[in-house]
Structure formats: structure tokens, C-alpha cells
Amino acid sequence: MPRIEGELWTTTETPEQCVELASFSCGDKRHGHEATVERIVGYYRDGEIPAATLRVTREAPSGGLVGLSILTFRAGPIIRHRLISEAEYENATYVHVLALSANYRGGFTYKSDDTLLSDFLITETLGYINEHEDGMPIVQALIEPGNERSREMCFRNGFEQPFVTSPDLLYVLHPDAE
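Residues numbered from 1 in each chain as written. Predicted model: local features only at pLDDT ≥ 70, side-chain atom pairs only at ≥ 80, totals over all residues. Heavy atoms only, no water.

Asker: Mind showing me how you'd approach the sheet that holds strand E7 (residues 115-116) here?
Answerer: Picture the strands of a sheet paired through backbone hydrogen bonds; they go either parallel or antiparallel. Read across the open sheet, the three strands follow the order E1-E6-E7; overall the sheet is mixed. What marks the edges here is a single partner per strand, and that holds for strand E1 (3-4) and E7. Of the strand pairs in this sheet, strand E6 (residues 109-110) and E7 are connected by two bridges, and their pairing is antiparallel. Residue Tyr110 lies in a different strand from E7, and its bridge partner there is Thr115. (Pairing = 2+ DSSP bridges. Helix = DSSP H or I, 4+ residues; strand = E, 2+ residues; numbered from the N terminus.)

Set out below in C-alpha cells:
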């Protein structure tokens, strides 16, 4: 597996600061979920997700865009279902996108412990959520059924699939799961 030996850093950026959003690609679009991710990034870039926060991970010293996440804090429940309590999910965070850029896909790892870049990205994102919210809220994500890598990443990092939803699958990380 290719390994990044340099440092990675993650910051909050605006669409104007992150010029790479205009050409962001997470793959060659052989999979439908790649086009979905790029569409959501475009919505954010175009101001259609105005309350969202963009977190960008870059490689030093090049500054190359490794990956990004787009979050909405206090989103409430992202789906309506009899098993979801409006009150319990009132302050939940929604992860719209967590994606590696195309140049960093394919099993890249970070440093000598061989941390998968996707796991680094989700760890950074969850750490930021915890710090931003002064404690971990419920974290929600929707993932297309065919996006096996993202589904596996969620499970590795404590997310659960509380019940089957359609067309996308709901993944939830509860604060006590950490």
C-alpha cells in the first residue's frame, strides 16, 4: 500500500479558501456514490448547504488536498422514523460528506502505523465535532448501499446501522459508543 510519510493537517475552510472544491474529484465515477459525493460537494460550493462547515485535510509540505468533510451541527434527525426520537436527535451532527480526493484513494496509509487515510479523516472529523460541540453529540450519516468502503469505515469507527433505510443507509454514532 502507498504510504504518506509527511505530515497531515486539517483545518476549517470556506468555499472561497478551498479553491480545489471547483474541481474536486473522489474517483473516476465507476461507482454511483462517487458522483453523489461530488454532487454534494458542488451543492456546498454553490451555497446550497449554507449552515455547513468544511473541514479540509492536506499533506505537508505540498498542501495537496487529501480529503474533506462537510458537517452540519445541530441538524436534528436527518430522517423521520418512528424509532428516532426528535428530542434525542435535536443536537445531532450530520456528516454530509467524508471523502478522500481521487489522488489519495486506493489504500493509502499514514505513517508507520499504517492508519488508513479514511480512518485518519474520520478520526479528525469526530475529534472536531467533539471539540466544537463541547462533547460528542449523536453523529449521523447516509451512505449509498453500494459504497462498501464507507460502510466498513463507519463500522470500524463505532457507527451502527440502527435499522434499514432506503434508498440510502443510515449510520449513527451515539455519544456513549466512544
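Once you've had a look at it, read on.
Asker: Please clarify how the sheet that holds strand E9 (residues 169-173) should be interpreted in this entry.
Answerer: On the basis of which strands lie adjacent, the open sheet formed by six strands has the order E2-E3-E4-E5-E8-E9 and mixed pairing. Only two strands of the sheet have a single neighbouring strand rather than two, namely strand E2 (8-13) and E9. Neighbour to neighbour, the strand axes of the sheet diverge by 25 degrees on average, direction disregarded. As defined by bridge partners, strand E4 (residues 64-72) adjoins strand E5 (residues 93-100) across six bridges and the pair is classed as antiparallel. Along E5, the bridge assignment pairs Ile70 with Val97. This element, helix H1 (residues 32-45), spans E2, strand E3 (53-59), E4 and E5 of the sheet and lies at about 120 degrees to E5. The strands touched by helix H3 (residues 148-156) within the sheet are E5, strand E8 (139-143) and E9, with E9 carrying the most contacts at an inclination of about 25 degrees. (Axes fitted to C-alpha atoms, helices over the stretch in contact; angles between N-to-C directions. Contact = heavy atoms within 4.5 Å.)

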